[in-house]
Amino acid sequence: ATDFDECQIDSDCGPSNLCSHHYCIPLPEACHRGDGVYDDAQRIAIAAIFPLTNEVDDGSFANEVADRLRSVQLAVRTVNRFKTEKTRSFALIVCDSQGSTEKAGEISGALAANFEIPAFLTHDTDDTLAAASHHDVIAARTVVVSVKSSSNLLKASSEPKTSIWQVSPNDSSQVRVL
């Protein structure tokens, strides 16, 4: 052990780094700091891993992803606005999976291994399963939250050994309600 401290808080590092165990560690190339608090050593970082630059003909998919990201950003800002002495601030790391399930898995693994991020927000079933199945995510016991997918595959999959949460009910539950 050494007494070397490169940083105490994220804002001690460059804008594309986070402070982890007193070292400034670069974020994965597809990630950047989003909304939140980066000048608090006790902050909780969460990551949104969305297909931000996925090409779409009519733009509806891109608008949907942007809307979901804005919702997450609003939630982080709202929670931070009501912070008390007994609560902790949040910082949002925004990552672009570029529409690649493989990239979503790589990003989630790098974030789990390097930054101990307790929760990832993912966009669809494939990205959720890729993130939840990555060995570093499993080892870190990171929770993966699907903000869009309602596939029964998330519930039925025995592959991921980490927690998967769905924001919307699965398809069969929605059918029963209808």
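Residues numbered from 1 in each chain as written. Predicted model: local features only at pLDDT ≥ 70, side-chain atom pairs only at ≥ 80, totals over all residues. Heavy atoms only, no water.

### Some details on the overall build of the protein chain
Then comes step 1: Helix and strand content of the protein chain: six helices and eight strands.
Then comes step 2: Along the protein chain, helices and strands appear, N-terminal first, in the series β-β-β-β-α-β-α-β-α-α-β-α-β-α.
Then comes step 3: The proportion of buried residues among the 178 residues of the protein chain is 43%.
Then comes step 4: The long-range share in the protein chain, meaning contacts at least 24 apart out of those at least 6 apart in sequence, stands at 58%.
Then comes step 5: Only carbon and sulfur atoms are counted for the fraction: they give 51% of the accessible area of the protein chain, which is about 9900 Å². (Helix = DSSP H or I, 4+ residues; strand = E, 2+ residues; numbered from the N terminus. Buried < 20%, exposed > 50% of the residue type's maximum accessible area, 1.4 Å probe, protein only. Contact = heavy atoms within 4.5 Å. Areas by Shrake-Rupley, 256 points an atom, 1.4 Å probe, with all protein chains shown as cover.)

### Section: the layout of surface pockets
Then comes step 1: Quantified by volume, the largest pocket comes out at close to 420 Å³.
Then comes step 2: Around the largest pocket, the lining comprises 19 residues; the ones closest to its centre are Cys 19, Ser 20, Ala 41, Arg 43 and Glu 116.
Then comes step 3: Secondary-structure elements contributing two or more residues to the lining of the largest pocket are β1 (17-20) and β4 (44-50).
Then comes step 4: The residue inventory of the lining of the largest pocket, partitioned by class, reads nine nonpolar, five polar and five charged.
Then comes step 5: Roughly 170 Å³ of volume is contained in the second largest pocket.
Then comes step 6: What lines the second largest pocket is simply Ile 46, Ser 71, Val 72, Ala 75, Val 76, Val 79, Phe 90, Ala 119 and Leu 121.
Then comes step 7: Of all the secondary-structure elements, those providing two or more residues to the lining of the second largest pocket are α1 (60-81) and β6 (119-122).
Then comes step 8: Looking at the lining of the second largest pocket, the element that brings in the most residues is α1, giving five residues.
Then comes step 9: Counted by class, the lining of the second largest pocket contains eight nonpolar, one polar and no charged residues. (1 Å grid on protein atoms, 1.4 Å probe; cavity = no way out; pocket = protein on both sides within 12 Å on 5 of 7 lines; lining within 4 Å. Points joined across faces, edges and corners; volume = space filled by probe spheres on them. Nonpolar A, V, L, I, M, F, W, Y, C, P; charged D, E, K, R; others polar.)

### Notes on the nonpolar core
Then comes step 1: In terms of nonpolar packing, the biggest core is built from 22 residues, with Ile 93, Leu 111, Ile 117 and Phe 120 touching the most fellow members.
Then comes step 2: The biggest single contributor to this core is helix α2 (residues 101-115), with five residues.
Then comes step 3: What Leu 111 contacts, discounting residues up to four positions off in sequence, is Leu 27, Pro 28, Cys 31, Ala 47, Ile 49, Ile 93, Cys 95, Glu 116, Ile 117 and Phe 120.
Then comes step 4: Ile 46, Ala 48, Phe 50 and Val 76 belong to the second largest nonpolar core, which has 14 residues in total. (Core = buried A, V, L, I, M, F, W, Y, C linked by side-chain atoms within 4.5 Å.)

### Here's the deal with the environment of Ala 75
Then comes step 1: Here Ala 75 is to be found in helix α1.
Then comes step 2: Classification of Ala 75 by relative accessible area gives partly exposed; the value is 42%.
Then comes step 3: Sequence separation of Ala 75 and Gly 36 is 39 residues, and the distance between their C-alpha atoms is 10.0 Å.

### Things to note about the pattern of salt bridges
Then comes step 1: This model, assessed by the stated rule, comprises four salt bridges.
Then comes step 2: When the shortest N-O distance is used, the salt bridge between Asp 10 and Arg 43 registers 2.7 Å. Placement of the pair is Asp 10 in the segment before β1 and Arg 43 in the loop between β3 (31-36) and β4, with a sequence separation of 33 residues.
Then comes step 3: Exposure remark for Arg 43: the relative accessible area of 13% places this residue in the buried category.
Then comes step 4: For Arg 77, the salt bridge goes to Asp 35, with nearest N and O atoms at 2.7 Å. You can see Arg 77 sitting in helix α1 and its partner Asp 35 sitting in strand β3, a full 42 residues away along the chain.
Then comes step 5: The exposure class of Arg 77 is partly exposed, given its relative accessible area of 39%.
Then comes step 6: Overall, the relative accessible area of 22% leaves Asp 35 in the partly exposed class. (Salt bridge = Lys/Arg side-chain N within 4 Å of Asp/Glu carboxyl O.)

Purely spatial values, then, with no claim about function.
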